[in-house]
Amino acid sequence: SANQNVRTGRSGSATSPPVEHDTAQKIDVNPPKGTRDFPPEDMRLRNWLFHHFREVSQQFGFEEVDFPVLESEALYIRKAGEEIRDQLYCFEDRGNRRVALRPELTPSLARLVIQKGKSVSLPLKWFAIGQCWRYERMTRGRRREHYQWNMDIIGVPDVTGEAELISSIITFFKRIGLTASDVGFKVSSRKVLQEVLRCYSVPENMFGRVCIIIDKIGKIPMDDIRKDLLSADMSEVAIEDLLQVLSLKSLAKLEEKLGASGEALSDLKQLFSLAEKYGYSEWLQFDASIVRGLAYYTGIVFEGFDREGKLRAICGGGRYDRLLSTFGGDDLPACGFGFGDAVIVELLKERGLLPELNLQVENIVCSLDQELQGAASAVATILREKGQSVDLVLENKPLKWVFKRAARINARRLILVGKAEWQKGMVNVKTLSTGEQLEIKLDELE
Ligand SMILES: Nc1ccc(Br)nc1
């Protein structure tokens with residue numbers, strides 16, 4: 001067998017017999033349908049994305065919160081016919097409770113705000129990054145989970161809230177290299193819809209349902225849209241008028257249609273004026289067809305889109321002033337957005353903006369002799385206590401293997417612990433980019 005001091009290609013001894021395990025049952029090593037693993041290279045991209053989500057949120061003075069991924073199903077039972085309801089990942093737990101994997105974060109946030117009640121001072125500026133779920137028949141082969149970045153402002157009734165939220169998303173886009181020529185925001189207000197429905201005395205309790213039907217424009221045939229609107233107590237005249245209003249793309253035309261006195265117009269005018277002051281007007285456009293697919297929005301709504309029109313909405317949000325009372329709490333003005341981790345990555349790929357993220361370890365430490373493994377551990381500890389990262393070679397490996405690993409982990413330095421140097425209280429330090437090699441005293445190692 002190889003001399004103890006000569007490196008072998010294999011580690012460990014060949015003498016101990018394999019431990020008897022349970023009878024092997026071959027499992028599927030893939031994750032459940034519609035879910036993802038995050039091996040290191042994917043986890044680096046996810047961490048990079050979340051790092052920018054967090055940095056922007058903190059730059060805007062928001063505090064991070066989180067909630068259970070499992071919530072009472074009751075949080076999501078809304079009667080407006082939302083897709084999110086049809087795809088609820090829900091079940092009965094062992095205590096016979098109806099529970100669901102959260103499909104979004106806003107209801108959890110509303111629940112926590114109600115729970116905190118008067119103990120929190122307003123306005124609340126909270127952000128969260130959380131995994132959200134949907135159970136969709138795999139016929140469409142789409143994902144069943146994604147991570148969503150949310151920012152919410154609770155307690156501000158003015159559109160200054162929405163203007164601040166849009167500014168935070170634009171700040172994020174700029175940080176990762178996207179400009180107003182890559183992405184934009186379509187902005188409208190559900191009060192446009194409300195004012196039209198009131199003209200035709202459509203009952204208020206149909207509002208959420210009509211919004212959800214309108215959100216399907218472009219996703220299902222117009223005949224089905226008209227049929228669904230008829231079933232929501234709208235007359236044919238009201239439907240045609242509404243569809244005509246929804247095609248408007250200018251505030252001037254909207255004013256001609258709705259008059260100058262309505263809240264929809266004043267909110268939108270204020271938002272576009274604030275956008276001017278923030279310096280992001282070029283990112284926004286009014287588009288009356290934007291209603292978003294969640295029943296609880298009550299005012300301004302917006303969505304981020306890619307100007308090439310190849311991808312689904314990048315993010316979306318708006319004002320939801322009535323959500324808390326649907327959970328039995330006192331209403332508080334609220335606005336927020338959700339930003340998923342999937343479309344943005346597709347967009348960055350399209351634009352060649354995915355970052356190069358390689359593992360970077362400063363040092364790889366290796367003993368040149370099996371008796372010096374402990375010495376190598378001591379050297380690793382010294383460097384780690386100085387705040388440096390160290391990959392410590394843990395087995396008896398040939399030098400060729402060590403150099404190969406050093407290259408793979410992008411190590412800056414190779415620290416070799418050899419007998420002769422160690423007896424002088426020294427180690428051998430090789431700077432891998434230059435090949436420079438020095439003998440350094442242990443207490444001078446930095
Ligand atoms: N709401 C939701 C949850 C999960 C995915 Br993937 N998409 C949307």
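In every chain, residue numbers begin from 1 and rise along the written sequence. Reporting in this predicted model follows two pLDDT cut-offs: at least 70 for local features of residues, and 80 or more for side-chain atom pairs to be given and counted; totals over whole chains, interfaces and linings ignore these cut-offs and use all residues. With hydrogens and water set aside, each side-chain value is computed from the structure's full complement of heavy atoms.

1. Some thoughts on the layout of surface pockets
Phase 1 of the analysis: Approximately 700 Å³ is the volume found for the second largest pocket.
Phase 2 of the analysis: Method remark: on a 1 Å grid restricted to protein atoms, a set of points is classed as a cavity if a 1.4 Å probe fits but cannot get out and as a pocket if it is open with protein on both sides within 12 Å along at least five of seven lines; lining residues have an atom within 4 Å of a point. As for the second largest pocket, its lining consists of 24 residues, and the residues nearest its centre are Phe207, Ala295, Tyr296, Arg322 and Thr326.
Phase 3 of the analysis: Elements with a contribution of two residues or more to the lining of the second largest pocket: α5 (190-199), α6 (207-214) and α11 (323-326).
Phase 4 of the analysis: When grouped by side-chain class, the residues that make up the lining of the second largest pocket number nine nonpolar, seven polar and eight charged. Grid points are joined across faces, edges and corners, and a volume is the space filled by probe spheres set on the points. Secondary structure elements are defined from DSSP: runs of H or I of at least 4 residues count as helices, runs of E of at least 2 residues count as strands, and each element is numbered from the N terminus. Under this grouping Gly is polar, as are all residues other than the nonpolar Ala, Val, Leu, Ile, Met, Phe, Trp, Tyr, Cys and Pro and the charged Asp, Glu, Lys and Arg.

2. Describing the packing of helix α4 (residues 160-175) against helix α10 (residues 263-278)
Phase 1 of the analysis: Only the contacting stretch of a helix is used when fitting its axis, a line to C-alpha atoms as for every element, and angles between N-to-C directions run 0 to 180 degrees. Relative orientation of the contacting elements α4 and α10 amounts to 45°, with a least axis distance of 9 Å. When the interaxial angle is binned, α4 and α10 end up oblique. Crossing geometry of α4 relative to α10 is assigned as right-handed. Two secondary-structure elements touch here, α4 through Thr160, Glu162, Ala163, Glu164, Ile166 and Ser167 and α10 through Gln270, Leu271, Leu274 and Tyr278.
Phase 2 of the analysis: Its residues assigned to classes, the contact of α4 with α10 shows five nonpolar, three polar and two charged. Roughly parallel here means an angle under 35 degrees, roughly antiparallel means over 145, roughly perpendicular means 65 to 115, and every remaining angle is called oblique. Each helix crossing is assigned a hand: it is left-handed if the near helix lies turned anticlockwise from the far helix by less than a right angle, otherwise right-handed if that turn is clockwise. Whether two residues are in contact is decided by their heavy atoms, any of which lying within 4.5 Å being enough.

3. Some thoughts on the sheet that holds strand β8 (residues 284-286)
Phase 1 of the analysis: Spatially, eight strands are ordered β1-β5-β6-β11-β10-β9-β7-β8 in an open sheet, and the strand pairing comes out mixed. Edge positions in the open sheet fall to β1 (63-64) and β8, since each of these has one partner strand only.
Phase 2 of the analysis: The sheet contact formed by strand β7 (residues 183-189) and strand β9 (residues 300-306) spans seven bridges and is antiparallel. Residue Val187 lies in a different strand from β9, and its bridge partner there is Phe302. The pairing criterion for strands is at least two bridges between them, as found by DSSP.

4. Section: the site of the ligand
Phase 1 of the analysis: A single heavy atom is enough: if one lies within 4 Å of a molecule or strand, its residue is considered near that molecule or strand. Every residue close to the ligand is listed here: Ile84, Pro103, Cys132, Trp133, Arg134, Arg143, Arg144, Glu145 and His146.
Phase 2 of the analysis: Interatomic distance of 2.8 Å between a backbone N/O atom of Pro103 and a nitrogen atom of the ligand.
Phase 3 of the analysis: Counting of polar contacts relies on pairs of N or O atoms within 3.5 Å, with two restrictions inside protein: one atom must be capable of donating a hydrogen and the other of accepting it, and residues adjacent in sequence are counted only when both atoms are side-chain atoms. Residue Arg134 places a side-chain N or O atom 3.4 Å away from a nitrogen atom belonging to the ligand.
Phase 4 of the analysis: A total of 270 Å² of accessible area belongs to the ligand in isolation, and the protein chains cover 85% of it.
Phase 5 of the analysis: Where the shell around the ligand is concerned, the elements lending two or more residues are β5 (124-133) and β6 (145-154). In these tables, accessible area is a Shrake-Rupley quantity obtained with a 1.4 Å probe, and a residue counts as shielded only by the protein chains included in the view.

5. Quick word on the environment of Trp133
Phase 1 of the analysis: Structurally, Trp133 can be placed in strand β5.
Phase 2 of the analysis: Classification of Trp133 by relative accessible area gives buried; the value is 15%.
Phase 3 of the analysis: Not counting residues within four places of it along the chain, the set of residues in contact with Trp133 comprises Thr35, Val69, Tyr89, Leu101, Arg102, Pro103, Arg144 and Glu145. Only protein chains enter the accessibility calculation, which uses a 1.4 Å probe; a residue whose area is less than 20% of its type maximum is buried, one above 50% is exposed, and one in between is partly exposed.

6. Some remarks on the pairing of strand β4 (residues 98-101)
Consecutive side chains along a regular strand alternate between the two faces of the sheet.
Phase 1 of the analysis: Bridging between strand β2 (residues 70-72) and β4 involves three bridges; their strand directions are antiparallel. Bridge assignment links Glu71 to a residue of β4, and that residue is Ala100.
Phase 2 of the analysis: Pairing of strand β3 (residues 89-92) with β4 involves four bridges; the strand directions are antiparallel. Note on β4: the bridge partner recorded for Cys90 is Ala100.
Phase 3 of the analysis: What sits between β3 and β4 in their antiparallel hairpin is a turn of five residues, with Asn96 showing a positive phi close to 60°.

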